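The chain contents come next:
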Amino acid sequence: MATALRLTGKQKAAILLISMGKEASSKIFKHLPEEEIDQLTLAIANIHKVDPKEKEEVLKEFHEMCIASDYLSIGGISYAEDILETALGSDKARAIIKRLTTQLQVKPFEFARRIDPMQIYHFLQNEHPQMIALVLAHLEPNQSSMILSSLPEELQSDVARRIALLEQTSPDVIKEVENLLEQKLASTIQQDFTVVGGIESIVNILNGVDRGTEKTILEQLGTNNKDLVEEIKKRMFVFEDIITLDRRAIQRIIQEVENHDLLLSLKAASPEVKKVLFDNMSERMVETFEEEMQYLGPVRVKDVEEAQGRIVSVIRHLEDIGELVIARGGNDDVLL
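The rules behind these values
- Residues numbered from 1 in each chain as written.
- Predicted model: local features only at pLDDT ≥ 70, side-chain atom pairs only at ≥ 80, totals over all residues.
- Heavy atoms only, no water.
- Helix = DSSP H or I, 4+ residues; strand = E, 2+ residues; numbered from the N terminus.
- Buried < 20%, exposed > 50% of the residue type's maximum accessible area, 1.4 Å probe, protein only.
- Contact = heavy atoms within 4.5 Å.
- Patch = residues over 30% accessible without salt bridge, like charges linked within 9 Å, V, L, I, M, F, W, Y side chains within 5 Å.
- Areas by Shrake-Rupley, 256 points an atom, 1.4 Å probe, with all protein chains shown as cover.
- Salt bridge = Lys/Arg side-chain N within 4 Å of Asp/Glu carboxyl O.
- Lys, Arg positive; Asp, Glu negative; His and termini not counted.
- Charge placed at Lys NZ, Arg CZ, Asp CG, Glu CD.
- Polar contact = N/O pair within 3.5 Å; in protein donor to acceptor, adjacent residues only side chain to side chain.
- pLDDT = per-residue confidence, 0-100.
- Core = buried A, V, L, I, M, F, W, Y, C linked by side-chain atoms within 4.5 Å.
- Expected span 1.5 Å × (residues − 1).
- Axes fitted to C-alpha atoms, helices over the stretch in contact; angles between N-to-C directions.
- Parallel < 35°, antiparallel > 145°, perpendicular 65-115°, else oblique.
- Nonpolar A, V, L, I, M, F, W, Y, C, P; charged D, E, K, R; others polar.

**A closer look at the overall build of the protein**
Phase 1: Scanning the protein from N- to C-terminus turns up 18 helices and two strands.
Phase 2: Across the 336 residues of the protein, 40% fall into the buried class.
Phase 3: Expressed as a percentage of contacts within the protein between residues at least 6 apart in sequence, the contacts between residues at least 24 apart total 74%.

So, in structure tokens, the structure goes:
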């Protein structure tokens, strides 16, 4: 009989799910991508009987991994390894940490995500913009937003541009920057090429800064990078975010956008978005739109996305001229 050490990862996962029972396993399945569900279903189907020893070893390994994961989240790799060495011995501890970091793909600067962003800011404020961008791209968006807002205005747009243009970063560069942070903050490293930054990264950061900081950064970026600014603006407020606006703002949007764009967008909108928009229309308008949607027939995804993009552009314009407020970080949105 094969031991748990010889089982594949899929087989171990299958045994774990079988041991957990149908109800718990079904809840886990809801959070998995279809490909993994298919693979696990096949693995479970191929297990006709779970050997008690295999089950015990798999559950023990899972328990150890959970404990190690908790230690890792509290104090990083070094902390987790020290605690596990005391409890399980150095060889066992290293083996668990190796499996865990491989499975969880622990990111660089993990330690910094639990530190007050202003502590990081004081260390970064006089560093090169590229180094600042690299660190901010690895942090949580709310941390990076606070740090970016605290930088001098002339530096903010430069750092934002560098984050947006970041792609792959060499592990050697990451290690060098981490070692600098290590002297004052903590130490952790996982060497692999890590894709960070990019448009989504700067969008998440800018969504957390105050309106004034956002406008300053985008205006300065726009002098030399108009296309980049337009792409950032498109992603900062997406069509589905309409549900976060107040009734007056939604009614203003309905008045301003083209009916055909609204019709196309509603055709593929989520139930939540449809409800919010319909709740802010007259009964006659709702009846008209529902009837037209029935006769519209199939629509191309491209046409829907373009219509939603035009609506988002209207929303951004209304915000720029002060006709509506989009909630974001900072104090700019406090109404007095």
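**Observations concerning a negative patch on the surface**
Phase 1: On the surface, a cluster of negative charge is contributed by Glu283, Glu287, Glu290, Glu291 and Glu292.
Phase 2: Within the element layout of this structure, Glu292 appears in helix 17 (residues 283–296).
Phase 3: Glu292 gets classed as partly exposed once you look at its relative accessible area, which sits at 38%.

**Brief notes about the side chain of Asn280**
Phase 1: Tracing the backbone through its elements, the reader meets Asn280 in the loop between helix 16 (271–279) and helix 17.
Phase 2: Within polar-contact distance, the side chain of Asn280 engages the side chain of Gln251 at 3.2 Å.
Phase 3: A distance of 2.7 Å separates a polar side-chain atom of Asn280 from the backbone oxygen of Val276.
Phase 4: The contacts of Asn280, once residues within four sequence positions are left out, are Arg247, Ile250, Gln251 and Ile254.

**Observations concerning the confidence of the model for the protein**
Phase 1: In the predicted model, the protein carries a mean pLDDT of 75, and 75% of its residues have values of at least 70.
Phase 2: Low pLDDT, under 50, characterises residues 329–336; the stretch is placed with 14 contacts to residues that sit more than four places away or in other chains.

**A short note on the nonpolar core**
Phase 1: Counting 36 residues, the largest nonpolar core has Leu136, Leu148, Val159, Ile202 and Ile232 as its most contacted members.
Phase 2: Elements with a minimum of two residues in this core: helix 6 (117–124), helix 7 (129–138), helix 8 (141–150), helix 9 (153–165), helix 10 (171–182), helix 11 (199–206), helix 12 (211–222) and helix 13 (226–236).
Phase 3: At seven residues, the largest contribution of residues to this core is made by helix 7.
Phase 4: Among all residues touching Ile202, those that are not within four sequence positions of it are Leu148, Ala160, Ile163, Ala164 and Ile232.
Phase 5: Residues Ile253, Leu266, Val286 and Phe289 belong to the second largest nonpolar core, which totals 27 residues.

**A few points about helix 18 (residues 301–320)**
Phase 1: Along its 20 residues, helix 18 runs 28 Å from first to last C-alpha, staying within 8% of the 28 Å computed at 1.5 Å per residue.
Phase 2: Every buried residue of helix 18 is accounted for by Val304, Ala307, Gln308, Ile311, Val312, Ile315, Arg316, Leu318 and Glu319.
Phase 3: Just downstream of helix 18 lies Gly322, where phi reads positive at about 80°.

**Remarks on the side chain of Gln156**
Phase 1: Along the chain, Gln156 turns up in helix 9.
Phase 2: Look at Gln156 and you get buried, because its relative accessible area is 2%.

**Examining the pattern of salt bridges**
Phase 1: Enumeration according to the criterion identifies seven salt bridges in this entry.
Phase 2: A salt bridge links Arg162 to Asp158; the nearest nitrogen and oxygen atoms lie 3.1 Å apart. Placement of the pair is Arg162 and Asp158 together in helix 9, with a separation of four residues, close to one helical turn.
Phase 3: Between Asp279 and Lys275 there is a salt bridge; the shortest N-O distance is 2.8 Å. Within this pair, Asp279 and its partner Lys275 are both found in helix 16, separated by four residues, close to a single helical turn.

**Structural notes on the environment of Leu318**
Phase 1: As for its placement among the helices and strands, Leu318 is situated in helix 18.
Phase 2: A C-alpha to C-alpha distance of 8.8 Å links Leu318 and Arg252, two positions 66 residues apart in sequence.
Phase 3: Look past the residues within four positions of Leu318 in its chain and what remains in contact with it is Arg252, Ile253, Glu256, Glu323 and Leu324.

**Comments concerning the packing of helix 9 against helix 11**
How two helices pack is summed up by the angle between their axes together with the distance between the axes.
Phase 1: Close contact between helix 9 and helix 11 brings their axes to 6 Å; oriented N to C, the two are set at 140°. The angle between helix 9 and helix 11 falls in the class oblique. Contact with helix 9, carried on its side by Ala160, Ile163 and Ala164, involves Ile199, Ser201, Ile202 and Ile205 of helix 11 and no other residues of that element.
Phase 2: The class makeup of the residues in the contact of helix 9 with helix 11 is six nonpolar, one polar and no charged.

**Considerations on helix 16**
Phase 1: Among all positions of helix 16, only Val273, Val276, Leu277 and Phe278 are buried.
Phase 2: If you follow the buried residues of helix 16, they end up packed against helix 14 (247–256), helix 15 (259–267) and helix 17.

**Section: the environment of Gly198**
Phase 1: When you line up the elements, Gly198 lands in the loop between strand 2 (194–195) and helix 11.
Phase 2: Separated by 32 residues in sequence, Gly198 and Leu166 have C-alpha atoms that sit 5.4 Å apart.
Phase 3: Discounting residues that sit within four places of it in the chain, Gly198 has contacts with Ile163, Ala164 and Leu166.

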